[in-house]
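Residue-level listing of the chains:
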Amino acid sequence: MTDHAVASSRAPLEVRGVSRRFEETVALSDVSFAVNAGELFGLVGPDGAGKTTLFRILTTLLVPDSGTATVLGLDVVRDLWAIRSRVGYMPGRFSLYPDLSVEENLSFFASVFGTSIDEGRAIIAPIYDQIEPFKDRRAGALSGGMKQKLALCCALVHCPEILFLDEPTTGVDAVSRREFWDLLGALKKSGLPILVSTAYMDEATRCDRVGLIQRGRILAVDAPAAIAARYPNPLIAVHANERHKLIQSLRDYQHAKSVYPFGDEVHYSDARAAKAMDDIVAELRTYLAGSGFTDLRVKPISAGVEDAFMELMGQPEATVRAAA
Amino acid sequence: MADRRSALHAFIVKEMRHILRDRQTLTILLLLPLAMVVLFGYALRNDITDVRLVVIDPTPDYATIALRNRFAGNPRFEIVATSQTPDLAEPLFRRGDADLALAFPPRFAESLSQGVPTRLLLVGDASDPNTGSTMAAYATAVITSYQTEIGATGQAVRIVPQLRMRFNPTLESVNLFVPGLIALVLTLITALMTSISLSREKERGTLEILLVSPLHPWQIILGKVMPYLLLALGNVATALLAAWAVFHVPFRGSLVLLLSASVLYSMVGLSLGVLIAALAPSQRAAMLAALAGTMLPNALLSGMIFPIASLPAWLRMVTYVVPARWFIVIARGIMLKGVGLTYLWKELAVLTVMLVVLLIAAVRSFKPRFA
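Residues numbered from 1 in each chain as written. Chains lettered and ligands numbered in written order. Predicted model: local features only at pLDDT ≥ 70, side-chain atom pairs only at ≥ 80, totals over all residues.

With that settled, consider the domain arrangement of chain A. Here the domain parsing of chain A yields domain 1 (7–224) and domain 2 (232–301). Here the C-alpha centre of domain 2 of chain A lies 40 Å away from the C-alpha centre of domain 1 of chain A. (Domains from an automatic or database assignment.)

Next up, the structure:
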């Protein structure tokens, strides 16, 4: 996409060199990426990485110190009001009124945007159908998963042209998280571009593309599989009887590049990128058996997104940046 | 524009629901003016009836009987015990069964007739000093009138007379108090409740969604304050009714003028509430700021309880910026004197200027973005 393209054909979201600091703290530093039409884009990073600041800039709540961002071709600083009626936003904390019922919450947010539940029904139906049986229940009495669905309905009821979801799955149980991502997948099919942030790296695979953010900087932007494929070193999953001691022993191994727990296994990456995998596995097995581990399983694996992120986040500030 | 009105409408409905759902707060808000009129109305009365009197008369004679009869015939006093020795009084005081003791010296009549100064001892239950001195003053009044009547010389009965007996504060204190009470209730609902409710929205994060919507700050403010304005006016009516029904406080002026002044005063309070909420970092801070910044001056620096004239000069200057001070003058003028705009325009003008300044500050402080 070129700069000569007319506004309507531009990416629904473009961020160029956005920086923002709060007094001495740098929240965002030269952030650039774009979300394409119909794309489910995930912003993945640990707490305090700057995700919420970025969302607030994109939803016109904060002004960047430098850089520009456009949402639906509109400038986030200049076109404040035009943007506000056309985007859907679900802030980090599910912002609902606990003393109002499900239906009253939804109907209120519909009215605020000059619409009604009935008019927005088509888009929210897949989600609202699940919570409608509880429509008279007060929002404060809902479970975390249901609150999250209600908040999503409230952000969608006015048929926004782009959806911003700031850590929608934080504090929600695993089943609800999975359901929520299924819902996002369904929404994406309607062509709605979605920017969603998460601190759970396993959720990255559910996105079309992800941007990895850490300490206010974007470390990489790409499709999850492409990010995983960039993993540079041989990677081996190890399992043994004493995991804690295993991690220590592996870290002490002379060729270890990085060692970190992963589920009930430990992922070990070897510093010798050129060495044959079979040789590394054999050497490692010998080393560990010699250290007295039993119940030993050592098998080569191909890196996942999470491994790639661990690798990227472990790097110093100078980082890989993929073209958006 | 039509959708905008409906957004505002929805906001007001939502706000009403918050108020109606919070039963505890609502009950307090509705009963408060009633309870305050009644409680303060009685508490602030400087007037005391049913003083339970113990008479200690070691040597009853015609003079002591005559004075005792004065007390017996006075509706303020009730003689609960008469004794020739002082031992009886102490246990009655301790049990709280007596308020005041009147002790005659021996040979009271004889002493009077000789024209020598005669001491009468009055012992009051001064656990509440104000009540004690008031009771003593009443008793002194009875004694003085007796003394005048029997034509004794001024020295015959020596009890220091107290100034308080010259007041007749029974109903007047309530009358002066009700306008101040209306101001207090209005401040409570407008400044306190609005700032709490708005800062709650901030604290819960719902304000974040409201900001990322087509709602303009003035719509949020208006939607927030309208229900409280209605509630406040309802409370003015309750307070007036209670004052009239319980204490027969007169209402001599124009009700329309008083309600209009109440709306003006409420809007001052609402602007303050919005301003406080915008500046306070949390709900708790907003509540404390509203209490300290509006309720306290309203109660102490408005002339509601302590006359402004009795304040030191520098505090008197401070009262000029207390909105309640002006409102109380207006409300007292309308209710007690029955005066109209001709006499109250100055106070109304002061409130209007305050409203304009605070409203501008409030709307400006309520930004469409985060800092």
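On to the packing of helix α9 (residues 217–247) of chain B against helix α10 (residues 255–279) of chain B, then. Residue and element names in this part refer to chain B. Between α9 and α10, whose axes approach to 10 Å, the crossing angle comes to 140 degrees. In this view, α9 runs oblique relative to α10, as classed from their interaxial angle. Judged by the twist between their axes, the crossing of α9 over α10 is right-handed. Residues Ile-221, Val-225, Tyr-228, Leu-229, Ala-232, Leu-233 and Val-236 of α9 form the contact with α10, whose own contacting residues are Leu-259, Ser-262, Val-263, Ser-266, Leu-270 and Val-274. (Axes fitted to C-alpha atoms, helices over the stretch in contact; angles between N-to-C directions. Helix = DSSP H or I, 4+ residues; strand = E, 2+ residues; numbered from the N terminus. Parallel < 35°, antiparallel > 145°, perpendicular 65-115°, else oblique. Left-handed = near helix turned anticlockwise from the far one by under 90°. Contact = placed C-beta atoms within 7 Å.)

Attention shifts here to the packing of helix α4 (residues 117–131) of chain A against helix α5 (residues 144–156) of chain A. Residue and element names in this part refer to chain A. Orientation of α4 relative to α5, taken along the N-to-C sense of each, is 170 degrees, at an axis distance of 9 Å. One way to sum up the angle between α4 and α5 is to call them roughly antiparallel. Taken together, the residues of α5 that come into contact with α4 (itself represented by Gly-120, Ile-123, Ile-124, Ile-127, Tyr-128, Gln-130 and Ile-131) are Met-146, Lys-149, Leu-150, Leu-152, Cys-153 and Leu-156. A per-class count over the contact of α4 with α5 returns ten nonpolar, two polar and one charged. (Nonpolar A, V, L, I, M, F, W, Y, C, P; charged D, E, K, R; others polar.)

We now examine helix α14 (residues 341–365) of chain B. Residue and element names in this part refer to chain B. A rise of 1.5 Å per residue sets the reference length of α14, with its 25 residues, at 36 Å; its end C-alpha atoms lie 33 Å apart and thus fit the reference within 8%. Of all the bends in α14, the greatest, near 30 degrees, is centred on Glu-347. Turning to α14, its buried residues are Leu-344, Met-354, Leu-355, Leu-358 and Ala-362. On the buried face of α14, the contacting elements are α9, α10 and α13 (323–337). (Expected span 1.5 Å × (residues − 1). Bend = angle between axes of the 7 residues up to and from the residue. Buried ≥ 20, exposed ≤ 12 C-beta atoms within 10 Å, placed from the backbone.)

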